[in-house]
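Architecture and fold: a report
The lines below spell out each chain.
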Amino acid sequence: MTFKRLISLTVVVASLALWSCQKNEPDSSGKADISRPLASDKLRVLTTTAPLYSFTLNIAGDAAHVENLLPSGTGPHDFSLSPLDAKKVTDAHVLVINGVGLESWLDKVIDSAGAQKSAVEMLVIVDTSNGIGTMNRDPHIWLSPLNAIIQVRNISDALIKADPRNRDIYAANAEAYIIRLNNLDREISDEIKTWSKKKFVAFHSAFGYFARDYGLHQAAVIQETPETEPSPRHIASVIKTIRSKGIKSIFTETRASHKIISSLANDLGLKVYSLDTLEKGEPGSEWYEERMRANLAVFKEALK
Ligand SMILES: [Zn+2]
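What counts, and at which threshold
Residues numbered from 1 in each chain as written. Predicted model: local features only at pLDDT ≥ 70, side-chain atom pairs only at ≥ 80, totals over all residues. Heavy atoms only, no water. Salt bridge = Lys/Arg side-chain N within 4 Å of Asp/Glu carboxyl O. Buried < 20%, exposed > 50% of the residue type's maximum accessible area, 1.4 Å probe, protein only. Helix = DSSP H or I, 4+ residues; strand = E, 2+ residues; numbered from the N terminus. Pairing = 2+ DSSP bridges. Core = buried A, V, L, I, M, F, W, Y, C linked by side-chain atoms within 4.5 Å. Contact = heavy atoms within 4.5 Å. Axes fitted to C-alpha atoms, helices over the stretch in contact; angles between N-to-C directions. Parallel < 35°, antiparallel > 145°, perpendicular 65-115°, else oblique. Left-handed = near helix turned anticlockwise from the far one by under 90°. Nonpolar A, V, L, I, M, F, W, Y, C, P; charged D, E, K, R; others polar.

This part is about the pattern of salt bridges. The full count for this structure, using the stated rule, is 12 salt bridges. A salt bridge links Asp163 to Arg165, with the nearest nitrogen and oxygen atoms 2.9 Å apart. You can call Asp163 buried: its relative accessible area is 3%. Arg165 sits in the exposed class, given a relative accessible area of 56%. Linking Lys300 and Glu191 is a salt bridge whose minimum nitrogen-to-oxygen distance equals 3.7 Å. On the criterion of sequence distance, the pair formed by Lys300 in helix H11 (residues 287-303) and Glu191 in helix H7 (residues 167-192) is long-range, its members being 109 residues apart.

Turning next to the pairing of strand S2 (residues 64-68). The buried fraction of S2 amounts to four of the five residues, a majority that puts the element mostly inside the structure. Pairing analysis gives five bridges linking strand S1 (residues 43-47) to S2, with the strands arranged parallel. Looking at S2, one finds that Thr47 is bridged to Asn68.

Nonpolar side chains in soluble globular proteins tend to end up buried together. Within the largest apolar cluster, 57 residues are counted, with the highest numbers of intra-cluster contacts made by Phe55, Leu159, Phe210, Leu216, Phe251, Tyr288 and Phe299. Setting aside residues up to four positions removed in sequence, Phe210 forms contacts with Leu143, Ser144, Ile188, Ile192, Leu216, Met292 and Phe299. Counting 17 residues, the second largest nonpolar core, distinct from the first, contains Ala219, Ile222, Ile235 and Ile247.

The next point concerns the packing of helix H9 (residues 232-244) against helix H10 (residues 258-268). Packing of H9 against H10 leaves a shortest axis separation of 12 Å and a crossing angle of 40°. Overall, the two elements H9 and H10 adopt an arrangement that is oblique. Every pair of crossing elements has a handedness; the one defined by H9 and H10 is right-handed. Residues Ile235, Ile239, Ile242 and Arg243 of H9 form the contact with H10, whose participating residues are Ile260, Leu264 and Leu268. Classifying every residue of the contact of H9 with H10 gives six nonpolar, no polar and one charged.

Of all seven residues in strand S6 (residues 217-223), six are buried; the element is thus mostly enclosed. In this structure, strand S5 (residues 199-204) lies alongside S6, joined through five bridges in parallel fashion. Bridge pairing in S6 places Phe200 opposite Gln218.

Turning our eyes to something else, we now look at the environment of Leu268. Positionally, Leu268 belongs in helix H10. Judged by relative accessible area, which is 19%, Leu268 ranks as buried. Separated by 21 residues in the primary sequence, Leu268 and Ile247 place their C-alpha atoms 9.4 Å from one another. Non-local contacts of Leu268, meaning those with residues more than four positions away in its chain, are made with Ile239, Ile242 and Arg243.

Attention now goes to the sheet that holds S5. Taken in spatial order, the four strands of this open sheet run S6-S5-S7-S8, and their pairing is parallel. Of all strands in the sheet, those with a lone pairing partner are S6 and strand S8 (271-275), marking the two edges. Strand-to-strand twist across the sheet, computed as the mean angle between neighbouring axes with direction ignored, equals 30°. In the sheet, strand S7 (residues 249-253) pairs with S8 via five bridges, with the strands oriented parallel. Within the sheet, the bridge partner assigned to Thr252 lies in S8 and is Ser274.

Next comes the structure, spelled out in structure tokens:
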């Protein structure tokens, strides 16, 4: 063991001690960086969803190391925290969360760290929903670019606070990214203004903020609670809404239960369209804008 490694171990010892009762698994996260002294190391930022990862990549540039906690095939509704994940959380300098109850596992990490407070006290947790007017505790705030802009500002403020050396880089990157998000917002609102149909039915209540901010109306939602099968009574009320409002299309998602969607579509003669909730993926820096433009195209095909 080198001298450098000993130094860094004293820094991370608090978090390691937390998990020492767990099986000592090899760290597959590629974080060989922890063997370097903290002072010369890049800021380590951990995000909890794919959109937050994409936002943070744009702000951090090369100045910070950004990692997403969720593997690309796992969405935030089906995520459960392993001991290795918990170690990633306590090893990070900044944890970027969505908020609005999406990270239900976070309390567990903080509770288990209670005995070893220093690891959690060193961690800056950014709740990116701060300043966003939320609806019915709906966590899908990122699906409106107007909310995304607020999230980006929250992330940028936190990175600047945690790593003031790179303040100018984070501020300039955030401003450049916000200009792109403003362009995306204008593009969506200019497009939707021209549509005659504004009502839609979705599989899960993900597009409520998008609808609110761009003048669409989410008339009904099939699965109101993630991972919970809708009741026959709820399905009956959705059918009633579809008939009474003359809705002709239904939006599904890659993770949706296709049995319910296809039987509704057959019974009511609806066309099925697929939206991306941006809950899964392996995002790069332009991923958010690309996926939102793809969603706009799907809405356009169905509603224009
Ligand atoms: Zn969702």
